[in-house]
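# Structure at a glance
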Amino acid sequence: MPLTPARWRGDFQAQRGSRAGLKIVADNIEPLTEWDSGAVTGYRKTQGEHARWSTEVFQFQQGRVLWRHLHETAQAA
């Protein structure tokens, strides 16, 4: 069950609108590593004037993608 950028983007977009007024843009999406039951994905997240490099750990369980861990590092302005 590969976590392609398109699949990741779909899961990310499914959460869209869950918080009124929140606008997040994600790009440079790259699967870093995968295994049978999970994956690690890296991407750049921009929210307003703030940009961060993000790394997420996902677990695949019963046809769902579960978000297990997030690490973010601010980008210099």
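What this report covers is the structure whose coordinates are included nearby. These numbers come from a predicted model, not from an experiment. (Residues numbered from 1 in each chain as written. Predicted model: local features only at pLDDT ≥ 70, side-chain atom pairs only at ≥ 80, totals over all residues. Heavy atoms only, no water.)

### What to know about the overall build of the protein
When its secondary structure is counted, the protein shows one helix and four strands. Taken over 77 residues, the protein has a buried fraction of 19%. Residue pairs at least 24 apart in sequence account for 23% of intrachain contacts in the protein once pairs closer than 6 positions are excluded. Surface summary for the protein: the accessible area is close to 5600 Å², and the carbon and sulfur share equals 49%. (Helix = DSSP H or I, 4+ residues; strand = E, 2+ residues; numbered from the N terminus. Buried < 20%, exposed > 50% of the residue type's maximum accessible area, 1.4 Å probe, protein only. Contact = heavy atoms within 4.5 Å. Areas by Shrake-Rupley, 256 points an atom, 1.4 Å probe, with all protein chains shown as cover.)

### Describing unusual backbone geometry
Positive phi values are uncommon outside glycine, yet Asn28 reaches one of about 55 degrees. Relative to the assigned elements, Asn28 resides in strand E1 (residues 25-35). Asn28 sits in the partly exposed class, given a relative accessible area of 42%. One non-glycine residue, Gln62, lies in the positive phi region at around 50 degrees. Mapped onto the elements, Gln62 comes out in the loop between strand E3 (50-61) and strand E4 (64-74). By relative accessible area, Gln62 is classed as exposed at 78%.

### Details of the environment of Arg68
Tracing the chain through its elements places Arg68 in strand E4. Here the alpha-carbon distance between Arg68 and Glu56, two residues 12 residues apart in the chain, equals 7.4 Å. Not counting residues within four places of it along the chain, the set of residues in contact with Arg68 comprises Val57, Phe58, Gln59 and Gln61. Among the polar contacts listed, one links the side chain of Arg68 to the side chain of Gln59, at a separation of 2.7 Å. (Polar contact = N/O pair within 3.5 Å; in protein donor to acceptor, adjacent residues only side chain to side chain.)

### Some points on the environment of Lys45
Mapped onto the elements of the fold, Lys45 is located in strand E2 (residues 38-47). On the basis of relative accessible area, Lys45 is assigned to the buried category, the value being 11%. Lys45 sits 21 residues away from Ile24 along the chain, and the two C-alpha atoms are 6.7 Å apart. A polar side-chain atom of Lys45 sits 2.4 Å from a polar atom in the side chain of Glu72.

No statement about biological role is implied by the geometric values presented.
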